[in-house]
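# Summary of the model geometry
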Amino acid sequence: MTLPARVRIVEVSPRDGLQNESTILPVETKVALIELLAKAGVRDIEAGSFVSAKRAPQMAATAEVLAKLDQKLLSRSSVRLSVLIPNLQGLDCALASGVKDVAVFAAASETFSQKNINCSIAESLARFAPAVEKALSAGIRVRGYISCVLGCPYEGEIAPGEVASLARDLTAMGCHEISLGDTIGAGTPLRAKRLIEAVARDGPIDRLAVHFHDTYGQALANIFACLELGISVVDASVAGLGGCPYAPGATGNVATEDVVYMLDGMGVETGIDLAALAEAGEFISGRLGRRSGSRASRAIAAQRRTGSQKM
Ligand SMILES: CC(C)(COP(=O)([O-])OP(=O)([O-])OC[C@H]1O[C@@H](n2cnc3c(N)ncnc32)[C@H](O)[C@@H]1OP(=O)([O-])[O-])[C@@H](O)C(=O)NCCC(=O)NCCSC(=O)C[C@@](C)(O)CC(=O)[O-]
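Residues numbered from 1 in each chain as written. Predicted model: local features only at pLDDT ≥ 70, side-chain atom pairs only at ≥ 80, totals over all residues. Heavy atoms only, no water.

Selection rule: UniProt positions are given in the numbering used here, feature names are shortened, and annotations may be inferred rather than shown by experiment.
Naming follows an unreviewed UniProt entry, where the protein chain appears as hydroxymethylglutaryl-CoA lyase of Methylocella tundrae. UniProt lists a comment for the protein chain under the heading Pathway (unreviewed entry), and it reads "Metabolic intermediate metabolism; (S)-3-hydroxy-3-methylglutaryl-CoA degradation; acetoacetate from (S)-3-hydroxy-3-methylglutaryl-CoA: step 1/1." Its UniProt record, at the heading Sequence similarities (unreviewed entry), says of the protein chain: "Belongs to the HMG-CoA lyase family."

Spelled out as C-alpha cells, the structure:
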C-alpha cells in the first residue's frame, strides 16, 4: 500500500463550516478563526462566499472578514485564501477583495443544482464560464466543486459517469482542481474508490480533491480509501462544523483535527500543528456554544484536563 508523503488540507470551516449556522457570528470571530487556523499551519483556507445574502446570510460579511484579516500574518504563513462564487457578480466581489483563489460550485444532480443555485447544471456551467475566463485573465486560480458525487438528498444515487463528465467540463473551463463533494455523507469506501477511479480516467489524480461530510460516520474511512488511490488534497472543517442549507439532514464536514490525527499517525505530512488546530476548533465551538464535533479534539482536551499520556 502506498500513501502520499504529503497531504494538502483545504480548510473550509469559515465557509462550509459556518454557512449553515443560524446565529450570525460577528466578523471579529470569523477573523479570529481564520487567524488561529493560519497560526496552526493551515495553508489553504476557504474564507467565505460571495453569494446572495438571502440564500446564505452567514456569508454576507465575507468582504469585511477579508478586509480585517492580518495580512502580515497570512503572508508570513503563506496562506492562500479562497472564496466561493456562483457567477460574475460574485467574481467581481472577489476581485475587489483581493483574493487570489476562487471556487465555482456545480452539482451532479439536477434537483440539487436547482435548489442550491436556482438553475440547471447546464445553466450553471454557462454562468461559470465568463466568471472563470475573467478570473483566469486576472491571474486568479479557480477551483471547481461538484456536489452530490455519492448521492443526492433529492435524487438518491448518482452515477460516477455523471460526475466524471462534469469534472471534464469544469477542467476544460480552466479549473485547476476539482473537489468532489459527498454533500450528504452517504458514501462508503469502495463506492468512493470507484468514483475516484471513474473521474481519474480523464487526467492526473493530483488535480482531484475530496470533500466528505460525516453524516454516516464514513468520512475518515472514505478519505483513507481515496488516499490509497493517490488522492493528496483533502477538504475538512475544524470541529466538524458544516452543512449545506440545501442538503437537509446532512451533518458537518469531516473534522480537520481527526484527519490530521489520522495522517500524523501514518507519517503523512500536513504541515499542521494538531494541538494548535484543536485550539482553533475549541475556539469556534465555544463561540457557537457547543461541544467540538472532533473526536481527536475532545481527546486532546481530556488529556490536557487529566494530564494523561499523549498518544
Ligand atoms: C446563485 C444565486 C446567486 C442565484 O440567484 P437567483 O436566486 O437565481 O436569483 P438572481 O440571480 O436573480 O439573484 C437574486 C439576488 O441575489 C443577488 N446576487 C446574485 N448573485 C450574487 C452574488 N454572487 N453575490 C451577492 N448577491 C448576488 C442578486 O443581485 C439578487 O439580489 P436582489 O435583487 O434580490 O437584492 C443564488 O441562488 C445563490 O446565492 N445561491 C448560493 C447558495 C449557497 O451558497 N449554497 C451553499 C454553497 S454550496 C455547498 O455548500 C456545497 C459545497 C461547495 O460545500 C460542496 C459540497 O459539500 O457538496
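### Regarding the packing of helix α11 (residues 256–265) against helix α13 (residues 295–306)
Note the following rule: Angles shown run from 0 to 180 degrees and are taken between the N-to-C directions of axes, each axis being a line fitted to C-alpha atoms and, for helices, limited to the stretch in contact. Note on conventions: DSSP H or I runs of at least 4 residues are helices, E runs of at least 2 residues are strands, and numbering of each starts at the N terminus. Oblique is the label for any angle not under 35 degrees, not over 145, and not in the 65 to 115 range, which are roughly parallel, roughly antiparallel and roughly perpendicular in turn. When checking whether two residues touch, look at their non-hydrogen atoms; a contact exists if any pair is within 4.5 Å.
Two elements in contact, α11 and α13, have axes whose closest approach is 6 Å; the angle formed by their N-to-C orientations is 80°. It follows that α11 is roughly perpendicular to α13 by the angle criterion. Facing E257, D258 and Y261 of α11, the residues of α13 in contact are R295, A296 and S297.

### Describing the packing of aromatic side chains
So the rule is basically this: Pairing of aromatic rings covers Phe, Tyr and Trp, the last through its six-membered ring, and needs centres within 6.5 Å; plane angles under 30 degrees mean stacked, over 60 mean edge-to-face, and all others mean tilted. Throughout this description, the term charge over a ring refers to an Arg CZ or Lys NZ atom that lies within 6 Å of the ring centre and within 35 degrees of the ring normal.
Tallying each qualifying case throughout the model produces 0 aromatic pairs. Above the face of the Y145 ring, R15 is positioned so that its terminal group lies 5.6 Å from the ring centre. R143 extends its terminal NZ or CZ atom over the ring of Y145, reaching a point 5.2 Å from the ring centre.

### Some details on the environment of Q58
Which entries qualify depends on this criterion: Whether a residue is buried, partly exposed or exposed follows from its accessible area with a 1.4 Å probe, protein chains only, as a fraction of its type maximum: under 20%, in between, or over 50%, in that order. Here a polar contact is taken to be a pair of N or O atoms separated by no more than 3.5 Å, where protein atoms must pair a possible hydrogen donor with a possible acceptor and residues adjacent in sequence count only if both atoms sit in side chains.
In this structure, Q58 sits in the loop between β2 (44–49) and α3 (62–68). Look at Q58 and you get buried, because its relative accessible area is 1%. The spacing of Q58 and N20 is 38 residues in sequence and 7.4 Å in space, taken between C-alpha atoms. Sequence-distant contacts of Q58, defined by excluding residues within four places in its chain, comprise L18, Q19, E21, T23, I24, L25 and K30. For Q58, the side chain forms a polar contact with the main-chain oxygen of E21, separated by 2.9 Å.

### Some thoughts on the sheet that holds strand β1 (residues 8–11)
Going by this rule: When DSSP finds at least two bridges between two strands, those strands are taken to pair.
The strand order around the closed barrel built from 8 strands is β1-β2-β3-β4-β5-β6-β7-β8, with neighbouring strands paired in parallel fashion. The mean angle between the axes of side-by-side strands here comes to 25°, regardless of whether they run parallel or antiparallel. Here helix α2 (residues 27–39) sits on the sheet in contact with β1, β2 and β3 (80–84), set at roughly 170° to β2.

### Comments concerning empty space enclosed by the protein
So the rule is basically this: Each cavity reported here is a set of points on a 1 Å grid over the protein atoms alone in which a 1.4 Å probe fits but cannot get out, each pocket an open set with protein on both sides within 12 Å along at least five of seven lines, and each lining residue one with an atom within 4 Å of a point. Grid points are joined across faces, edges and corners, and a volume is the space filled by probe spheres set on the points. Polar here means any residue other than Ala, Val, Leu, Ile, Met, Phe, Trp, Tyr, Cys and Pro, which are nonpolar, and Asp, Glu, Lys and Arg, which are charged; Gly is therefore polar.
Evaluation of the coordinates by the stated rule reveals 2 cavities of 30 Å³ or more. Lining the largest cavity are 16 residues, with V10, D44, S82, D101 and R143 sitting closest to its centre. When contributions to the lining of the largest cavity are tallied by element, the ones reaching two or more residues are β1, β2, β3, β4 (101–107) and β5 (141–147). A breakdown of the residues in the lining of the largest cavity according to their chemical character gives 6 nonpolar, 2 polar and 8 charged. By volume, the second largest cavity is sized at about 40 Å³.

### Quick notes on the UniProt feature "domain: Pyruvate carboxyltransferase" (unreviewed entry) in the protein chain
UniProt records the feature "domain: Pyruvate carboxyltransferase" (unreviewed entry) at residues 7–278, using the numbering of this structure. This span, residues 7–278, is 43% helix and 16% strand, and a straight line between its end C-alpha atoms measures 18 Å.

### Looking at the pattern of salt bridges
The following threshold applies: The salt bridge definition used is simple: a Lys or Arg side-chain nitrogen within 4 Å of an Asp or Glu carboxyl oxygen.
Counted by the stated rule, this structure contains 14 salt bridges. Between R8 and D44 there is a salt bridge, with the nearest N and O atoms lying 3.2 Å from each other. Of the two residues, R8 sits in strand β1 while D44 sits in strand β2, which places them 36 residues apart along the sequence. Residue D44 is classed as buried on the basis of its relative accessible area of 11%. A salt bridge links E46 to R15; the shortest N-O distance between them is 2.6 Å. Taken together, the residues E46 in strand β2 and R15 in helix α1 (residues 13–17) connect sequence positions 31 residues apart. Exposure remark for E46: the relative accessible area of 0% places this residue in the buried category. Each of the salt bridges in this network shares a partner with another, and the network as a whole consists of R8, D44, R143, E177 and D235.

### Some details on unusual backbone geometry
Phi at S78 is positive, roughly 50°, even though this residue is not glycine. As for its placement among the helices and strands, S78 is situated in the loop between α4 (71–76) and β3. The phi torsion at C148 lies on the positive side, around 65°, for a residue other than glycine. With respect to the helices, strands and loops of the structure, C148 is situated in the loop between β5 and α8 (160–173). C148 gets classed as buried once you look at its relative accessible area, which sits at 0%.

### Some points on the site of the ligand
Short version of the rule: Any residue with at least one heavy atom within 4 Å of a molecule or strand is counted as near it. Computed with the Shrake-Rupley method and a 1.4 Å probe, the accessible areas treat only the protein chains shown as cover for residues. More than half of a molecule's atoms within 2 Å of the grid points is what it takes for that molecule to sit in a cavity or pocket.
Near the ligand you find 25 residues, and of these Q19, K54, N116, S147 and T183 are the closest. In the environment of the ligand, a nitrogen atom lies 3.3 Å from a nitrogen or oxygen atom belonging to the backbone of V51. When the free accessible area of the ligand is taken as 1100 Å², the share hidden by the protein chains comes to 75%. When each cavity is represented as a set of grid points, the ligand is found to reside in the largest pocket. Going through the elements one at a time, α1, α5 (88–97), α6 (110–117) and β5 are the ones with two or more residues in the shell around the ligand. Its residues assigned to classes, the shell around the ligand comprises 9 nonpolar, 11 polar and 5 charged.

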